[in-house]
Amino acid sequence: MPIGLQAPPSLGVPGKKRWAMVIDLRRCIGCMACVCADKAEFDVPLGVWRTVVKVKNTGAFPNTKRHFMPRLCNHCDNPPCVRNCPTEATYKHEDGFVLQRYERCIACRTCIAACPYNARHVLPNNRDHVKIGGVVDKCTFCNHRVEKGLVPACVQTCLGRSRIFGDLNDPNSEVSRLVATHSTVVLKPGKGTQPQVYYIKPDRGLTEQAYSEPVSYAAKADARAFYRHNRSSKFFSGVL
Amino acid sequence: MFEYMSLNIAPWGYEITIYFFLIGMAAMTFVYASAPAVYGNLFGGAARSAMEPFQTTGMILSLILLLICGPLLIADLGQPGRFLYPILYFHWTSPLSWGSLFLPLFGLCIVGYLFALATKRTSWLKPIGILGSLLALAMPLYTGLDLMVQQARELWSNPTIPVLFVILSVSSGTALVAVVLRISGKMTEQAVELLHWFLYLAVAVTFALFLAEWVVLNYGSAEKQQIWSIINSEYGWEYWGLTFLIGIVAPLILVAIPKLGRNANLLTLAAVLSAVGAYSFRAVLIYAGQLGQLYY
Amino acid sequence: MKDFAQINRRDFIKLGAAAGAVGAAALGSRRLVAMEQKLGGEDFSATTGAARESVPYTCLACNIEDGGIAYVENGRVVKLEGNMDHPNTRGKLCAKGNSGFLHIYDPDRILSPLVRTGKRGEGKWKRISYDEATTLLAQKIREVIDRANTENKPEILNEIVLKWGRNRTGGAAERFMHALGSNAILHHTDICESSKKVGLEPSWGPDIESCDWANTKYILNFGSNILETAYFMNPNAQRLVDGVVGNKAKLVSFDVRMSNTSGFADEWYAPYPGTDGAIALAMANVIMYEDLYDADFIRDWTNVTAEQLKEHLKTFTPEYAEEESGIAAADIRRIAREFATTKPATTFSYRGPVKHVYGSYQEAAIHMLNVITGNVEKKGGYCLPRGMGWPQPEPEPPKGRVPSLLATPPEYPLASHHVSTLAPYRVRKGEAKVSVWMTFYDNPAYTYPSSHVWAEFLKDENLVPFFASFSPFMSETTELADLIIPDVTYLERHDPESMPSGLYPCLSIRQPVVKPLGGTQEFRQTLIDVIHKVDPDGSLGIKKYFAFDTVSDWMRAHFDEIPGLKEEGGYNFLKKKGVWPIYGKVDPNTAKIVDRNGNEVEADYGLHRKELSASDMEGAEVDGNGTIRKNGKAIGVQIRGRNYVGFGTPSRKIELYKESFKKFGFNPLPTYKRLPTRERKDNELVLTTYKVNVHTQSRTASLKYLAELYHKNPMWIHTKAAAARGIADGDLVRVTSSVGYIVTRAHVTEGIRPDVVAISTACGHPSYGRLAQLRQREQAPDWAQGAASPDISNNVWWDDRGVHPNPIIRLAVDPIGGSQGWFDTLVTVSKAQPGDSYGDVQASVEASDRDYEETLRYAYNGDIHRKNHPEVDIEWDALPPAELEGVGHPDAG
Ligand SMILES: Nc1nc2c(c(=O)[nH]1)N[C@H]1C(S)=C(S)[C@@H](COP(=O)(O)OP(=O)(O)OC[C@H]3O[C@@H](n4cnc5c(=O)[nH]c(N)nc54)[C@H](O)[C@@H]3O)O[C@H]1N2
Ligand SMILES: Nc1nc2c(c(=O)[nH]1)N[C@H]1C(S)=C(S)[C@@H](COP(=O)(O)OP(=O)(O)OC[C@H]3O[C@@H](n4cnc5c(=O)[nH]c(N)nc54)[C@H](O)[C@@H]3O)O[C@H]1N2
Ligand code: SF4
Ligand code: SF4
Ligand code: SF4
Ligand code: SF4
Ligand code: SF4
Ligand SMILES: [Mo]
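Bear in mind that the values here come from a model prediction, so they are computed numbers and not experimental data.

A. Local environment of the UniProt feature "transmembrane region" (unreviewed entry) in chain B. All names here are of chain B. This chain's UniProt record puts "transmembrane region" (unreviewed entry) on residues 12-33, 54-75, 95-117, 124-143, 163-185, 197-217, 237-257 and 264-288. Along residues 12-33 the backbone is 91% helical and 0% strand, and the end-to-end C-alpha distance reaches 31 Å. In this annotation, residues 237-257 is assigned 95% helix and 0% strand; the end-to-end C-alpha distance for the span is 26 Å.

And the structure:
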């Protein structure tokens, strides 16, 4: 049952699918194959990402470690981005995908503001092949593939087999098995969004809400260049 | 490998802040301008006598502000051509849809009011004034609501935000009215009285809400602590200097001391200062509220 | 790869038959919950939903040769995916592989042959046709041939030089040179990893190991970045994760800095650069003296005895290794014990330990750990590489008559993979002459040590009178050419392939997935055309080696007669499937290869234990050591009455004791030699370079997805080392070696040894198209004919292209393997000086000349060699003379 203004959830609803991704962080090697596969799949322009892999080093020499954290839209079962969209350009598919109607989006970015996970971006107008631009975009869970019986592109290529995809409503699926047999974590569960990307064995420093500005000079300098490119602003300010 | 891909841009920049500010100003200006018709008999007729000469000017100012706001908001869209979609594809859970509906209606009220004034259809003034005032109230309310419904952002997702935005619009509207009256030499005693009353109320409530915000942030969750640190590191001057000292404390002192507060010049100054605060308070809240997620 | 254990059809059938029985139990229950959605094999447009056309190919975005499927929409390659039928790729591509199609549409790709009009390197070009270009090149070559014939001096033919970097032509480039009668074939293997090869080949035959990652329980990694780079990046990374996470194997990694592999490892140790050998020897010492070794294996399968090894290893104690490497003796002991007692276990090593002077010793020492613990060719162990060969079309040209000084310098008789780094020095000294210099897939002016020397050399028209490049991209090297005959990208050409990137041997194919862009022509066709023009009527006897009408004919000649493949359709089968044989399906849940019934198709182990048949033994003789010989060739080894094929060595056993080494005064057993860098002064640091997971050497900086991910390479320096020099994170620093200096930025990190600094390669291009140089907003140069990319022109947000370290890296040759000591340069690091600006480079040719003289002193006939090998008991004054004789084997690197 929807609670409050929640979109009808599909998790546990008979007859519906609840597509979900499990990311086994023990297996993620930070190879970035997923990032590139995703960029190719959708001709994603430079400067925006549907999925990223965050990198974090911890410890002091010689006891250091490196952690990777793939991130994408969580296809929340209770997506705040959908609720707040003034045009219903973003909507929740009955099988759980949270999708965009590009032809309807006005790029007011309310949905970006609503998403607690930074999973959305505005597509620049200058693109190579897919000419959709000036609207908000995000990971689609590759619904165009999934509906044809394939896994998402980033799952397909994942070298570590860290990304696993399937229907959580099917008790025999691999994702169901993993969620049932491993302790998993979702991001910011307290936000009530009911994210459908489940992480196995995350490093706390990566999942917890912490103000993690770029730390190294190298990263800071890139951030500066990035914002300079976006009209010297961290904020949208008409960058299109 | 570095943390390259944490990069993102935050959704709302200065256009939105300016829009929020101006639309609030327009709303309160409308309330002042329509006061003779709407509240004419309240306060012993103070509103009527004070604002009568301001009616037309106020309405025109409100219209001008609206004519800045609309295009500004549209220009800020990635798809300006689709600005009617929020009405066309009305989504009732989205404050922005409501806002898009109210905004033109509000505009119609201004135009209607002006038309009634020009054609001397005085009987129209009150109903249009009441309707317009409600829509005017809806302007800062919906902009605040726009933030409030972002339940994922703790700085925004609390019921004081719409209240605060309404109150801030009182400040900025009062400032505009005060400046105009002062310049045009129409700052009568009644006008001073009326403006002082509103300003005192607005600044005092702003002060209270500022303190409340400060307490909440300091006794806050991880996310609030994070926002607190962002506010202090990136927006320290805007928050403490512009908003608190210049925008709240200074006008509060001015209006609280009866002798000073009823001096037309000082009242105007206090109102302008409070408008500065009203802008920067919104700016800090809007910006800092977004940065929390930017690197997450 | 010719030298890998060859698997023929018979073995393959046996392997297939055996497979059914194994693994059924292991997989049965898990199969129920396999990922329900299909992993790949078809593709649909994200915008229209239409199915896309698919064409199999073999990846060459790096050199692991993974199997891929290209998806084509409206004649355009829009996406790449791993080929699910490729047993080692298993349907997955890495970041580079996924981005490889961008090569085709690189706006700065060269789409027509160019002839220089200005001065060399000035960047002035005229477009000509392929016909004109091949005619010009043929004419230049013909002049040399005519001169050789008139003067009757075959050595003149060696003035025709072909230098390649990445050559995956399956023998085409070699055939071309041999047809011309030249042995001057230079290639990049010695800047790559040849000391590894030379550390291994004399011992067990092939030049690399193939670890059974997925089934192992313990992995000791020495200086290989398995999860990011190395042979065989994608397949190995997949199976390493399966081993470590799925099979709970322990991974212990040695690297001087925290690579992704070391960051992932259960334990990471950072040894002093160039001391891995000491650590491995100390581990061997522990294993031998604590009786943890596999006595049977040493007795049966090696040419040494346990006693002999103990004696040799006596001084290589963990305490000694601690002294050398800084790794605690207690850790070395514990790891040695764990390694020897956890079965199965394996080591893996790549460039870290071997890219040093004496790198071959280090490799031999690491290899030995697997031998003495008996992990060789075991399930979960250290296995032989499994490749497949293909026949060369007949007639095959013989090698040239005279060896080439440039390709096979006589000072390096053991360097079976040539030494190419010395070439410019030798030509400049007049020791060798060049008339026509050709480069294919090669960029020494960027990728070589002291790269400035190459630029100077190739610019000099007296030394290199004619220079032709076959590159489709304008690189630091190609821009110096007189003639550019662009090749096509790897997605538009034909090559036969077989990479031993896993335990399932297979053949694969590269074929045009779309028509070559803009009427470009593949290298193979250019070779045919040039030969046909050099010898139009066949009177020189050269043309007959290139009697192909089309490139397809050539491919057919490779593939149509292979037993097994022939029955399934030969070349046509490969065109359709991309890979042969097809072992089964990838189980989506376990990623194991399974048959129709879902049972694992297990790999074949114990290749050396295959028994010789009675017919094999017919007419064979067994010598005193058990070696079985037939017609003068060792074909196997007899061990306690059984006749095995054994290993690819003269004795058919593992030769830990290498007679060939001893002949030239090198220690026949694995040993360790302290390097000059070990005597570092306090203010000095050791400079290392490394590769990253999203770039390939010099050729991916223009691929936008990869450049976006990684575009600059600040110098890693440890917090303490930085503090001691007053350097803060991000400071501009001057890195100075004896060759010169570069000005770059410091990246202060905990993830590196305090006495080492590291700068990655693949950034800092002074050439290679606009994006690599961050000049994407400039107008396209007139030779670039690729389509405009609004994305690149408008959306590139980064503003730093990095600084390339190669100019200041010293030339240093491993006297055994002949390969470059990349990690043997000492530098001082200080805050940049006034006037320094980011990207400044200063490098001295004279200093490099001194390095050249210095490094020759380490060669077997040099003075330092003898001083460094007091333990070798030979007639030092009767060392064989340094003569031009070996022609080595040109290889693909
Ligand atoms: N992504 C990617 N993969 C590639 C390639 C590529 O360009 N990009 N190129 C391919 C080619 S041609 C090759 S040769 C391989 C190379 O593959 P690798 O050998 O794995 O890679 P490198 O980065 O050359 O060097 C490996 C590591 O050696 C470390 N190192 C330096 N000195 C020492 C030392 O003394 N001891 C130890 N233990 N470690 C040391 C460096 O820090 C580095 O991490 O990769 C292949 N795969
Ligand atoms: N500092 C530092 N230097 C290094 C290394 C390092 O780790 N650090 N690694 C070393 C190693 S391991 C190696 S193997 C070498 C590699 O060194 P190289 O073999 O010289 O480099 P590549 O980047 O493989 O490509 C060489 C050139 O081939 C051309 N090319 C690209 N695509 C094609 C094509 O499709 N067809 C043709 N015909 N040409 C093409 C381009 O001009 C490119 O510049 O670099 C070495 N250099
Ligand atoms: S940007 Fe587009 S999808 Fe997002 S809220 Fe606005 S209209 Fe909806
Ligand atoms: S992750 Fe963000 S964009 Fe995706 S469904 Fe949830 S709220 Fe919406
Ligand atoms: S599911 Fe598809 S759209 Fe989402 S990140 Fe993966 S590849 Fe991109
Ligand atoms: S492809 Fe898989 S292993 Fe590689 S970075 Fe992405 S999630 Fe991690
Ligand atoms: S490792 Fe990557 S780039 Fe190299 S061959 Fe495999 S998929 Fe291609
Ligand atoms: Mo290499």
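Once the structure has been displayed, the description carries forward.
B. Fine view of the pattern of salt bridges. All names here are of chain C. Within this structure, the stated rule accounts for 86 salt bridges over all chains. When the shortest N-O distance is used, the salt bridge between lysine 250 and glutamate 267 registers 2.7 Å. With lysine 250 in strand β11 (residues 250-254) and glutamate 267 in strand β12 (residues 267-269), this pair connects stretches of sequence that are 17 residues apart. Salt-bridge contacts for lysine 610 lead to aspartate 604; the nearest nitrogen and oxygen are separated by 2.9 Å. For the pair shown, lysine 610 and aspartate 604 are each scored as buried.

C. Seen up close, the sheet that holds strand β3 (residues 67-73) of chain C. Residue and element names in this part refer to chain C. With antiparallel pairing, 3 strands are arranged side by side in an open sheet as β2-β3-β4. Edge positions in the sheet fall to β2 (53-58) and β4 (76-82), since each of these pairs with one other strand and no more. Ignoring which end each strand starts from, the neighbouring axes of this sheet average 30° apart. Here 6 bridges tie β2 to β3, and the two strands are oriented antiparallel to one another.

D. Structural context of the nonpolar core. Counting 259 residues, the largest nonpolar core has Met51(B), Leu137(C), Ile141(C), Phe176(C), Met438(C) and Phe546(C) as its most contacted members. Contact partners of Phe176(C), with chain neighbours within four places excluded, come to Ile141(C), Leu162(C), Met438(C), Leu527(C), Val530(C), Ile531(C) and Phe546(C). Core analysis: the next-biggest nonpolar cluster, separate from the first, contains 54 residues, Tyr293(C), Ala340(C), Leu607(C) and Tyr672(C) among them.

E. Quick look at unusual backbone geometry. Cis geometry marks the peptide bond from Tyr231(C) to Phe232(C), where omega comes out at 5°. Within the secondary structure, Phe232(C) sits in the loop between β10 (218-222) and α8 (233-246). The step from Lys343(C) to Pro344(C) runs through a cis peptide bond, and the omega angle for that step is -10°. Structurally, Pro344(C) is set in the loop between α14 (329-341) and β13 (345-349). For Arg231(A), which is not a glycine, the phi torsion comes out positive at approximately 55°. Inspection of the secondary structure assignment puts Arg231(A) in the segment after α8 (217-229). Positive phi, close to 45°, is recorded for Ser450(C), a residue that is not glycine. With respect to the helices and strands, Ser450(C) occurs in the loop between α18 (444-447) and α19 (451-459).

F. Geometry of helix α16 (residues 359-372) of chain C. Taking 1.5 Å as the rise per residue, α16(C) with 14 residues should run 20 Å; its terminal C-alpha atoms sit 20 Å apart, in good agreement. Gly374(C) lies just past α16(C) and shows a positive phi near 65°.

G. Quick peek at a positive patch on the surface. Residues and elements named next belong to chain C. Side chains of Lys576, Lys577, Lys585 and Arg596 sit close together on the surface and give a patch of like positive charge. Mapped onto the secondary structure, lysine 585 falls in strand β22 (residues 585-586). A relative accessible area of 62% places lysine 585 in the exposed class.

H. Spatial organisation of the interface of chain C and chain A. Contact with chain C, which involves 85 residues of that partner, is made by 72 residues of chain A. For the pair chain C and chain A, the interface holds 8 salt bridges. Among the ionic pairs, Asp242(C) bridges to Arg27(A), the shortest N-O distance being 2.3 Å. Viewed at the interface, chain A and chain C are joined by 41 residue pairs in polar contact (both at pLDDT 80 or more). It is α8(C) that contributes the most residues to the side of chain C that touches chain A, 8 residues altogether. Class assignment for the residues of the side of chain C that touches chain A results in 38 nonpolar, 26 polar and 21 charged.

I. Fine view of helix α13 (residues 318-325) of chain C. Residue and element names in this part refer to chain C. Among all positions in α13, only Pro318, Ala321, Glu324 and Ser325 are buried. One side of α13 carries all its buried residues, which in axial view fall inside an arc of 120°. Looking at the buried positions of α13, the neighbouring elements they touch are α10 (276-289) and α14. Just downstream of α13 lies glycine 326, where phi reads positive at about 85°.

J. Summary view of the UniProt feature "domain: 4Fe-4S Mo/W bis-MGD-type" (unreviewed entry) in chain C. UniProt's entry tags residues 52-108 of chain C with the feature "domain: 4Fe-4S Mo/W bis-MGD-type" (unreviewed entry), counted in the numbering of this structure. Between the first and last C-alpha atoms of residues 52-108 of chain C the distance is 27 Å; the span itself is 9% helix and 35% strand.

K. Highlighting the site of ligand 4. Near ligand 4 lie 13 residues; those nearest to it are Cys73(A), Cys76(A), Cys81(A), Cys115(A) and Arg120(A). A class-by-class count of the residues in the shell around ligand 4 yields 9 nonpolar, 2 polar and 2 charged.

L. Seen up close, the state of the cysteines. All names here are of chain C. As enumerated under the stated definition, the model contains 0 disulfides over all chains in all. Free of any disulfide, cysteine 211 has its nearest cysteine sulfur in cysteine 383, 7.9 Å distant. Relative accessible area serves as the criterion here: at 1%, cysteine 211 is assigned to the buried category.

M. Spatial organisation of the sheet that holds strand β6 (residues 125-127) of chain C. All names here are of chain C. A sheet is described by the order of its strands in space; here 7 strands give the open sequence β6-β5-β18-β17-β16-β7-β8, paired in mixed fashion. One side of each edge strand has no neighbouring strand; the edge strands of this open sheet are β6 and β8 (185-187). In terms of strand pairing, strand β16 (residues 436-440) meets strand β17 (residues 466-469) through 4 bridges, oriented parallel. Paired with tryptophan 437 across the two strands is phenylalanine 467, which belongs to β17. Strands β7 (160-164), β8 and β16 of the sheet are contacted by helix α5 (residues 172-180), whose axis makes an angle of about 170° with β7.

N. Representation of the side chain of Arg109(A). With respect to the helices, strands and loops of the structure, Arg109(A) is situated in the loop between β5 (98-100) and α3 (110-114). A relative accessible area of 0% means that Arg109(A) is categorised as buried. From its side chain, Arg109(A) meets the backbone oxygen of Ala107(A) in a polar contact 3.0 Å long. Setting aside its immediate chain neighbours within four residues, Arg109(A) contacts Val122(A), Val136(A), Phe236(A), Pro11(B), Trp12(B), Asp76(B), Leu77(B) and Gly78(B).

O. Molecular detail of the packing of helix α7 (residues 160-184) of chain B against helix α8 (residues 189-218) of chain B. Residues and elements named next belong to chain B. Contact geometry for α7 and α8: axes closest at 9 Å, N-to-C directions at 145°. For the element pair α7 and α8, the recorded crossing hand is left-handed. Contact residues: α7 offers Thr160, Ile161, Val163, Leu164, Ile167, Leu168, Val170, Ser171, Thr174, Val177, Ala178 and Leu181, while α8 offers Ala191, Leu195, Phe198, Leu199, Ala202, Val205, Thr206, Leu209 and Glu213. Class assignment for the residues of the contact of α7 with α8 results in 16 nonpolar, 4 polar and 1 charged.

About the cut-offs
Residues numbered from 1 in each chain as written. Chains lettered and ligands numbered in written order. Predicted model: local features only at pLDDT ≥ 70, side-chain atom pairs only at ≥ 80, totals over all residues. Heavy atoms only, no water. UniProt positions renumbered as here; feature names shortened; annotations may be inferred. Helix = DSSP H or I, 4+ residues; strand = E, 2+ residues; numbered from the N terminus. Salt bridge = Lys/Arg side-chain N within 4 Å of Asp/Glu carboxyl O. Buried < 20%, exposed > 50% of the residue type's maximum accessible area, 1.4 Å probe, protein only. Pairing = 2+ DSSP bridges. Axes fitted to C-alpha atoms, helices over the stretch in contact; angles between N-to-C directions. Core = buried A, V, L, I, M, F, W, Y, C linked by side-chain atoms within 4.5 Å. Contact = heavy atoms within 4.5 Å. Expected span 1.5 Å × (residues − 1). Patch = residues over 30% accessible without salt bridge, like charges linked within 9 Å, V, L, I, M, F, W, Y side chains within 5 Å. Areas by Shrake-Rupley, 256 points an atom, 1.4 Å probe, with all protein chains shown as cover. Lys, Arg positive; Asp, Glu negative; His and termini not counted. Charge placed at Lys NZ, Arg CZ, Asp CG, Glu CD. Polar contact = N/O pair within 3.5 Å; in protein donor to acceptor, adjacent residues only side chain to side chain. Nonpolar A, V, L, I, M, F, W, Y, C, P; charged D, E, K, R; others polar. Arc of directions from axis to C-beta. Near = heavy atom within 4 Å. Disulfide = S-S within 2.5 Å. Left-handed = near helix turned anticlockwise from the far one by under 90°.

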